[in-house]
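# Chains, contacts and geometry: an overview
Here's the letter readout for the chains.
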Amino acid sequence: MTKPNPLTNTISGNRGLQLEEPLIFEMDVPGRSGVDLPDVPKHKERLGGVKRKGAVGLPGLAESQVVRHYTKLSQKNYAIDMSVYPLGSCTMKHNPRINEKIARLPGIADLHPMQPVSTVQGALEVIDTLAHWLKTLTGMPAVAMSPAAGAHGELCGMLTIRAAQLAKGDARKRILVPESAHGTNPATAASIGYEVDPVPADERGRVDLAAFKAKLGPDVAGTMITNPNTCGLFENDIIDIADAIHGVGGYFYCDGANFNAIVGRVRPGDLGVDAMHINLHKTFSTPHGGGGPGSGPVVLSAALAPYAPLPYVTHGPNGFDLVEHDDGPDGSKGAFGRLKGFHGQMGMFTRALSYILSHGADGLRQVSGDAVLNANYLQASLKGDLTAAFPGTCMHEALFNDDFLEGTGVTTLDFAKAMIDEGYHPMTMYFPLVVHGALLMEPTETESKIGLDRYIEVVQGLARRAKAGEADYFHGAPYHTPRRRLDETLAARQPILRWKPEEAKKAAE
């Protein structure tokens, strides 16, 4: 007879406050409802031949069941409000509650995008004020506020570049994209018909300047460079790169997702950047993840400003106005039209402006300084147990490779699973691709030294356990999660996306 394991086996399946919870469909009681609805008055049927013949298939539950179900699910999530969120290249920073209070104020939270312009003067002023800050912080003369996310901002910037070139009758097709750029950069360029030409990184983890210059030619439309890049390093040849691309008549698109590392200290416009998107969630603390709502304004150089998308805010004789139709600089109708139905994400604009005004110029400068300080503190503290991917200091994130695991029988994925048992979301694993077995950590400026020291202690402890020959422990991790290690490959290739009664048990495993 197998002896019960007090660490895993309980009668209920619960483990203290870690409560077992079935799928919501498994709790279905036909006819049960959490609300009382009045009887539908008799009326003539108008459904024709599309009348429903069977049950809808939604679970019947009481109100208390619904509340408890989603509360239990929320307690199984890891969140920035719980502890350090060390994902690299994501900037999972604290969202100050003052931002949420401002976004919920009457007159802001209840705005409707179809209201007359005369009734939304305050909202347009918020957009205009935020635009002023973004232009000032980046040293750029214009900004397109409507893009709904970072990747949408990339699309905006690249369409603006294409519009400017087409206006000159110069339909170039090649875009140079470094291997150290964000993965969305080549995807965006390819999606609008550009040919992506990769540029290798040098031994320092930065763009190989000689290789970059060797690829230049009259068919190069521009380049897309992430700076600081995905290795957590500042591209210190950035001005030479800008001069080189401008020298062949191309444009310089900078992925500004990592602006959090340089805000208040470096103005991309001074570096020769023509277009750059800004992730408001990364740099200015609006909510991150979950599919939105996002916001990715794009700052533009004087050369590209005339080709910005519609709509945009102007100062008119009667206050602020929203320009919905405009002739382009050559008399044509605009650059490439609209990016979305309305003018950006008002809730994100409000939160970002709240963050900016509460910090001020000096506070934003401290944000980038503290972000870089925290990342270098991680790197300096961990490089004795882990192996740094590149020599020297880093910017906003610390990057390690898996050399420290060589000969231990422990993989990078094993290490990540053990992190979960320790109560931490794993750092970004296997990215960027230019580093084998990458472990990318970004603590952001919002973490205290005490919190970082606890995190460092865990990472050091796991590294030492791996080197001490405890591979079996890592192979079985995680042990204390609601579900043990999943078959991630099978889940990706054969996902169960719709519940069916006969699949209930399989879906729950």
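A brief look at the structure comes next. (Residues numbered from 1 in each chain as written. Predicted model: local features only at pLDDT ≥ 70, side-chain atom pairs only at ≥ 80, totals over all residues. Heavy atoms only, no water.)

## Re the overall build of the protein chain
Each helix and strand counted, the protein chain has 14 helices and 13 strands in total. Relative to a compact globule of 509 residues, whose C-alpha radius of gyration would be 23 Å, the protein chain shows 26 Å and is just as compact. In terms of overall dimensions, the protein chain has a C-alpha envelope of 80 × 75 × 45 Å along the principal axes. Expressed as a percentage of its 509 residues, the buried residues of the protein chain come to 46%. When contacts within the protein chain are restricted to residue pairs at least 6 apart in sequence, those whose partners lie at least 24 apart make up 71%. Accessible surface, the protein chain: about 25,600 Å² in total, of which carbon and sulfur atoms supply 56%. For the protein chain, the distance from the average position of its 49 positive side-chain charges to the average position of its 56 negative side-chain charges is 7 Å. (Helix = DSSP H or I, 4+ residues; strand = E, 2+ residues; numbered from the N terminus. Rg over C-alpha atoms; globule rule 2.2 N^0.38 Å. Buried < 20%, exposed > 50% of the residue type's maximum accessible area, 1.4 Å probe, protein only. Contact = heavy atoms within 4.5 Å. Areas by Shrake-Rupley, 256 points an atom, 1.4 Å probe, with all protein chains shown as cover. Lys, Arg positive; Asp, Glu negative; His and termini not counted. Charge placed at Lys NZ, Arg CZ, Asp CG, Glu CD.)

## Re helix H9 (residues 346-382)
Taking 1.5 Å of rise per residue, the 37 residues of H9 would be expected to cover 54 Å, yet its terminal C-alpha atoms sit only 41 Å apart, more than 12% below that figure. Where H9 bends most, the angle comes to about 100 degrees, and this point is Gly360. (Expected span 1.5 Å × (residues − 1). Bend = angle between axes of the 7 residues up to and from the residue.)

## Remarks on helix H11 (residues 449-467)
Helix length check: H11 (19 residues) gives 27 Å between terminal C-alpha atoms against 27 Å at 1.5 Å per residue, within 8%. Buried within H11 are the following residues: Gly451, Leu452, Tyr455, Ile456, Val458, Val459, Gln460, Leu462, Ala463 and Ala466. On its buried face, H11 is in contact with H9, helix H10 (412-421), strand S13 (439-441) and helix H12 (471-476). Once H11 ends, the next one or two residues include Gly469, with phi positive near 95 degrees.

## A short note on the side chain of Thr91
Mapped onto the elements of the fold, Thr91 is located in the loop between helix H1 (63-74) and helix H2 (97-103). Note on Thr91: relative accessible area 1%, which makes it buried. There is a polar contact of 2.8 Å between the side chain of Thr91 and the side chain of Glu442. Contacts of Thr91, omitting those with residues within four sequence positions, involve Asn260, His281, Lys282, His288, Glu442 and Thr444. (Polar contact = N/O pair within 3.5 Å; in protein donor to acceptor, adjacent residues only side chain to side chain.)

## Digging into the pattern of salt bridges
Here the structure, examined in full by the defined rule, presents 20 salt bridges. The salt bridge partner of Arg174 is Asp197, with a shortest N-O separation of 2.9 Å. Residue Arg174 is located in strand S2 (residues 174-178), and its partner Asp197 is located in strand S3 (residues 195-199); the two are separated by 23 residues in the primary sequence. Looking at Arg174, the relative accessible area reads 10%, which means it is buried. (Salt bridge = Lys/Arg side-chain N within 4 Å of Asp/Glu carboxyl O.)

## Things to note about the environment of Lys173
Position of Lys173 relative to the elements: it lies in the loop between helix H4 (150-167) and S2. In this structure, the C-alpha to C-alpha distance between Lys173 and Lys340, residues 167 residues apart in sequence, is 25 Å. With residues near it in sequence (within four places) discarded, Lys173 still touches Gly193, Tyr194, Glu195 and Asp219.

## Notes on the nonpolar core
Counting residues in each nonpolar core, the largest one holds 53 residues, and the members touching the most others are Leu130 and Phe284. Within the residue set of this core, elements represented by two or more residues are helix H3 (121-138), helix H6 (209-214), strand S4 (220-226), helix H7 (238-247), strand S5 (251-255), strand S9 (319-323) and H9. For Leu130, the contacting residues outside a window of four places in its chain are Met145, Leu280, Phe349, Ala352, Leu353 and Ile356. Judged by nonpolar contacts, the second largest core, of 32 residues, contains Leu439, Tyr455, Leu462 and Ala463. (Core = buried A, V, L, I, M, F, W, Y, C linked by side-chain atoms within 4.5 Å.)

## Some details on the state of the cysteines
Following the criterion strictly, the structure yields zero disulfides and no others. Looking at the unpaired Cys156, the closest cysteine sulfur is the one in Cys254, lying at 15 Å. On the basis of relative accessibility, which here comes to 4%, the residue Cys254 falls in the buried class. (Disulfide = S-S within 2.5 Å.)

## As for the sheet that holds strand S12 (residues 428-429)
Spatially, S10-S11-S13-S12 is the arrangement adopted by the four strands of the open sheet, whose pairing is antiparallel. The strands lining the two open edges of the sheet, one partner per strand, are strand S10 (387-388) and S12. The pairing of S12 with S13 spans two bridges and is antiparallel. Directly across from Thr428, in S13, lies its bridge partner Leu440. Across the sheet, H9 lies against strand S11 (398-401) and S13, angled at about 30 degrees from S11, the strand it touches most. (Pairing = 2+ DSSP bridges. Axes fitted to C-alpha atoms, helices over the stretch in contact; angles between N-to-C directions.)

## With respect to the sheet that holds S2
Consider a sheet: its strands pair through backbone hydrogen bonds, and that pairing is either parallel or antiparallel. Strand order in the open sheet formed by seven strands is S1-S7-S6-S5-S4-S2-S3, with mixed pairing between adjacent strands. The open sheet is flanked by strand S1 (142-144) and S3, the only strands paired with a single partner. Here the strands of the sheet are splayed against their neighbours by 25 degrees on average, with no regard to which way each runs. Of the strands in this sheet, S1, strand S6 (275-277) and strand S7 (298-300) touch H3, which is tilted by about 125 degrees from S1.

## Quick notes on the packing of H10 against H11
When two helices pack together, their arrangement is given by the angle between their axes and by how far apart the axes lie. At a minimum axis distance of 11 Å, the contact between H10 and H11 shows a crossing angle of 135 degrees. Taken together, the axis directions place H10 and H11 in an arrangement best described as oblique. Note that H10 runs across H11; the crossing there is right-handed. Listed contacts from H11 to Phe415, Ala418 and Met419 of H10 are Tyr455, Val458, Val459, Leu462 and Ala463. (Parallel < 35°, antiparallel > 145°, perpendicular 65-115°, else oblique. Left-handed = near helix turned anticlockwise from the far one by under 90°.)

## Examining the environment of His246
If you trace the backbone, His246 turns up in helix H7. Here His246 falls in the partly exposed class, since its relative accessible area comes to 33%. Sequence spacing of His246 and Val40 is 206 residues, and the spatial spacing of their C-alpha atoms is 69 Å. Looking at His246, its side chain comes within polar contact range of the main-chain oxygen of Gly272, at 3.5 Å.

## A few points about the side chain of Asn99
Residue placement: Asn99 occurs in helix H2. Judged by its relative accessible area of 0%, Asn99 falls in the buried class. In this structure, Asn99 is in contact with Ser285, Arg351, Ser354 and Tyr355, ignoring residues within four places of it in sequence.

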